[in-house]
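Structure assessment
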Amino acid sequence: MRTYLVVIDETEEARLALRFAARRAAKTGGSLHILTLVERADFVAWGGVQATMEAENREKAEELVRVAAGSIFDELGIQPSITIKDGEGVDVVKEMLDEHPEIAALVLGAAAQGAPGPLVAHFTGNNAGSMPCPVMVIPGSLSDAALDELS
């Protein structure tokens, strides 16, 4: 079974990447795995304050994924797998790809304007030829209708 790994955050390009991955999974009889990263709190001299900030960031990530998964299930009937991890994006995605050989494609969103973002830049840059699966980059400039037609 094809599994599409999509990395999401609160950006519009991540929403489009999720929409594309979910529709591809539905049309190909595949599955969807959603990964979100917990933003690390900047170092704060008082450990309690930093711990509170990190807990709030985790809650925010959990809510983001819960809403996204619920939306996918309501619209397409797909129950995605969910992973919420702390760490640097590139490292976490590499770990996910190593730990889950069933992942058939990494789906990332690129901003409609400006730099594509660190994940897109890394996984489509110098190391693109050594990836264990294809990388699909969804342009942030696509409309939902155009995206639906492509997926």
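Just above, that's the structure.
Calculation notes
Residues numbered from 1 in each chain as written. Predicted model: local features only at pLDDT ≥ 70, side-chain atom pairs only at ≥ 80, totals over all residues. Heavy atoms only, no water. Pairing = 2+ DSSP bridges. Helix = DSSP H or I, 4+ residues; strand = E, 2+ residues; numbered from the N terminus. Axes fitted to C-alpha atoms, helices over the stretch in contact; angles between N-to-C directions. Contact = heavy atoms within 4.5 Å. Salt bridge = Lys/Arg side-chain N within 4 Å of Asp/Glu carboxyl O. Buried < 20%, exposed > 50% of the residue type's maximum accessible area, 1.4 Å probe, protein only. Expected span 1.5 Å × (residues − 1). Core = buried A, V, L, I, M, F, W, Y, C linked by side-chain atoms within 4.5 Å. Polar contact = N/O pair within 3.5 Å; in protein donor to acceptor, adjacent residues only side chain to side chain. Right-handed = clockwise from strand over helix to strand, strands pointing away.

Backbone-to-backbone hydrogen bonds join strands into a sheet, with any given pair of strands oriented parallel or antiparallel. Taken in spatial order, the 5 strands of this open sheet run 3-2-1-4-5, and their pairing is parallel. Sheet topology places strand 3 (81-86) and strand 5 (135-139) at the edges, where each strand pairs with a single neighbour. Neighbour to neighbour, the strand axes of the sheet diverge by 25° on average, direction disregarded. Two elements, strand 4 (residues 103-110) and strand 5, share 5 bridges in a ladder whose sense is parallel. Its bridge partner being in strand 5, G109 is matched across the sheet by I138. In the packing of helix 1 (residues 12-28) onto the sheet, contacts are made with strand 1 (3-8), strand 2 (31-38), strand 4 and strand 5, and the angle to strand 1 comes to roughly 165°.

One pass over the full model with this rule turns up 9 salt bridges. Between E95 and K85 there is a salt bridge, with its nearest N and O atoms 3.6 Å apart. With E95 in helix 3 (residues 89-99) and K85 in strand 3, this pair connects stretches of sequence that are 10 residues apart. Assessed through its relative accessible area of 36%, E95 is described here as partly exposed. K85 is the salt-bridge partner of E99, the closest N and O atoms lying 3.8 Å from each other. Here E99, found in helix 3, pairs with K85, found in strand 3; they are 14 residues apart in sequence, far enough to count as distant. E99 sits in the partly exposed class, given a relative accessible area of 47%.

Attention now moves to helix 1. End to end, helix 1 covers 24 Å across 17 residues, agreeing with the expected 24 Å (1.5 Å per residue, within 8%). Residues of helix 1 that are buried include every one of A14, L16, A17, L18, R19, F20, A21, A22, R23 and A25, and no others.

General note: in soluble globular proteins, nonpolar side chains tend to be found buried as a group. Within the largest apolar cluster, 21 residues are counted, with the highest numbers of intra-cluster contacts made by V6, I8, L18, L32 and V107. Of all the elements in the fold, those that place two or more residues in this core are strand 1, helix 1, strand 2, helix 2 (47-76) and strand 4. Looking at which element gives the most residues to this core, the answer is helix 1, with 8 residues. If we ignore the near neighbours within four places in the chain, the residues touching L32 are Y4, V6, L18, A21, A22, A25, I72, I78, P80 and S81. Counting residues in hydrophobic clusters, the runner-up holds 15 residues, among them L5, M96, I103 and L119.

Another aspect to go through is the environment of L18. Residue position: L18 is located in helix 1. Between the C-alpha atom of L18 and that of G109, which follows or precedes it by 91 residues, the distance is 8.4 Å. Dropping the residues within four chain positions of it, L18 is found in contact with V6, I8, L32, I34, A68 and I72.

What follows deals with the side chain of S151. Mapped onto the elements of the fold, S151 is located in the segment after helix 5 (144-150). Accessibility expressed as a relative area gives 3% for S151, which makes it buried. A distance of 3.4 Å separates a polar side-chain atom of S151 from the backbone oxygen of D148. The contact partners of S151, leaving out residues within four places of it in the chain, are F20, R23, R24 and K27.

Taking burial as the measure, the 8 residues of strand 2 include 6 buried ones, the bulk of the element. Taken together, the 6 bridges between strand 1 and strand 2 define a ladder with parallel strand orientation. For V6, the partnering residue across the bridge sits in strand 2 and is I34. Regarding the hand of the β-α-β motif, the stretch spanning strand 1, helix 1 and strand 2 is right-handed. Across 6 bridges, the pairing between strand 2 and strand 3 is parallel.

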